[in-house]
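Coordinate inspection notes
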Amino acid sequence: MSAPVVPARTPRAILDTSDFARDMAACLGSRPHEISPKYFYDERGSRLFDRICELPEYYVTRTELGIFQRDIARMADAIGPDAEVIEFGAGSLTKARLLLRALQRPRRYVAVDISAEHLQAATASLQQEFPEVEIIPVVGDFTNMAGLPALPRPRPGNRRIGFFPGSTLGNLGLGDARRFLSDASTLLAGGGLLIGIDLVKLPAVLHSAYNDAAGVTAAFNRNLLARANRELGTDFDVEAYAHHAFYHPGLQRIEMHLVCMTAQRVRLGEREFAIRAGDSLHTENSQKYTLDGFRSLAAASGFSPGAVWCDPQQLFSVHWLVSDHQRASTSPHHLENP
Ligand SMILES: C[S@@+](CC[C@H](N)C(=O)[O-])C[C@H]1O[C@@H](n2cnc3c(N)ncnc32)[C@H](O)[C@@H]1O
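Description of the structure in this document. (Residues numbered from 1 in each chain as written. Predicted model: local features only at pLDDT ≥ 70, side-chain atom pairs only at ≥ 80, totals over all residues. Heavy atoms only, no water.)

Things to note about the overall build of the protein
For the protein, the helix and strand inventory stands at 9 helices and 14 strands. What you see for the protein is a C-alpha radius of gyration of 20 Å, in line with the 20 Å of a compact globule of 338 residues. Based on the C-alpha atoms only, the size of the protein along its principal axes is roughly 60 × 45 × 40 Å. Buried positions account for 53% of the 338 residues belonging to the protein. For the protein, the computed accessible surface area is about 14,500 Å², with 54% contributed by carbon and sulfur atoms. For the protein, the distance from the average site of its 35 positive side-chain charges to the average site of its 38 negative ones is 3 Å. (Helix = DSSP H or I, 4+ residues; strand = E, 2+ residues; numbered from the N terminus. Rg over C-alpha atoms; globule rule 2.2 N^0.38 Å. Buried < 20%, exposed > 50% of the residue type's maximum accessible area, 1.4 Å probe, protein only. Areas by Shrake-Rupley, 256 points an atom, 1.4 Å probe, with all protein chains shown as cover. Lys, Arg positive; Asp, Glu negative; His and termini not counted. Charge placed at Lys NZ, Arg CZ, Asp CG, Glu CD.)

Observations concerning the pattern of salt bridges
Scanning the model with the defined rule gives 24 salt bridges in all. With its nearest N and O atoms 2.7 Å apart, the salt bridge here joins Glu64 to Lys95. One end of the pair, Glu64, is in helix H3 (residues 59-79); the other, Lys95, is in helix H4 (residues 94-102), with 31 residues separating them in the sequence. The two residues Glu64 and Lys95 agree in class, both being buried. Linked by salt bridges that have partners in common, Glu84, Arg108, Glu134 and Arg155 make up one network. (Salt bridge = Lys/Arg side-chain N within 4 Å of Asp/Glu carboxyl O.)

Remarks on the nonpolar core
Counting 69 residues, the largest nonpolar core has Met24, Tyr109, Leu194, Leu225 and Phe236 as the members making the most contacts within it. Looking at which element gives the most residues to this core, the answer is H3, with 8 residues. Residues lining this core come from more than one domain, with at least three contributed by each of domain 1 (21-54 + 202-287) and domain 2 (59-199 + 289-322). Not counting the four nearest positions on each side in its chain, Leu225 is found in contact with Met24, Thr234, Phe236, Val238, Tyr241, Leu258 and Leu281. Core analysis: the next-biggest nonpolar cluster, separate from the first, contains 28 residues, Phe142, Met145, Leu148 and Ile197 among them. (Core = buried A, V, L, I, M, F, W, Y, C linked by side-chain atoms within 4.5 Å. Domains from an automatic or database assignment. Contact = heavy atoms within 4.5 Å.)

Re the side chain of Ser317
Summarising the element assignment, Ser317 is placed in strand S14 (residues 316-323). Within the structure, Ser317 has its side chain in polar contact with the side chain of His319 (distance 2.9 Å). With near-sequence residues (within four places) excluded, Ser317 lies in contact with Ile67, Ile195, Gly196, Ile197, Leu199, Leu291, Val308, Trp309 and Cys310. (Polar contact = N/O pair within 3.5 Å; in protein donor to acceptor, adjacent residues only side chain to side chain.)

Quick notes on the packing of aromatic side chains
Under the defined criterion, the tally for this structure stands at 15 aromatic pairs. With centroids separated by 6.0 Å and ring planes inclined at 75°, the aromatic side chains of Phe236 and Tyr241 adopt a geometry described as edge-to-face. Side by side, Phe236 and Tyr241 carry an identical accessibility label, which is buried. Clustering of aromatic rings is evident, with ring pairs tying together Phe40, Tyr41, Phe49 and Phe220. Above the ring of Phe20, the side-chain terminus of Arg227 is found at 5.0 Å from the ring centroid. (Phe/Tyr/Trp six-rings, centres within 6.5 Å; stacked < 30°, edge-to-face > 60°. Lys NZ or Arg CZ within 6 Å of the ring centre and 35° of its normal.)

As structure tokens, this is what we get:
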């Protein structure tokens, strides 16, 4: 028997391009040039990211999926039945599928992502596979939880669980990571967070993961400027920018930059910005953690660290964190509002 057809929900959305225009103007108008990696993800950026996940050099996705496949039943036991899952930066929902299949009576799944079209398509297909789970796409920025559209209050007896795989937390600076975790611990009062974290390892392994031979990561990086040309009407000479990614051992992070090889003037609305040959535009950080370092960060940000699952080579880790907040009968957090 074929599955019942479930209509795709319209995402709850709060984005508009004026944020991108404002942040790009701030980036070009100050030095060093720096912009949030969240702007990588339009439809094309999300598809390029999916290709990165399949690259032989990119151990991250393969390794995390291996951990999930081996230990998902134990993770589901830690989470317990009747979960209402909120995934931050949900992407193509590959890992959400594994989790929903393993959980006992998952009740609701809220996918938060900034990439609107991609999210709509991915959640529509997930709803077909899980007709009994209420699936809610939310287009929004997880670094601004107070600005997300209101979510339904968890039903009596259900627990709110956060899911944050892919080491996406590593794209946030340490201060923002602490703020995110602290906001998440309030939102997830009475529940917890299952989070994937990439670990410190040999610099050569990290270097090749972010400098693949096929040039997909370079195309992903340059898509930020191509997207600005498409959406903001800028006139970046995209091909003049070289992809530059390296590991900084002191800061334990990969830095990704676009280095301009020829001087150019870039228009953005009424303004024009002079870019010098050799100028770097810093597009992304990817923080790597030690197991103890991450557990300390979580403990200082409103969570009690629980079980940790790693691959045999300790390339990657998945952590179960229990929120230090108890669930109040009427929580003041605005996301509780129906
Ligand atoms: C590194 S990918 C991870 C995707 C998926 N969770 C996985 O593990 O494969 C990051 C995802 O988060 C989304 N994203 C990045 N920054 C975001 C933000 N500030 N708010 C909401 N979504 C964001 C991107 O669109 C993308 O789908």
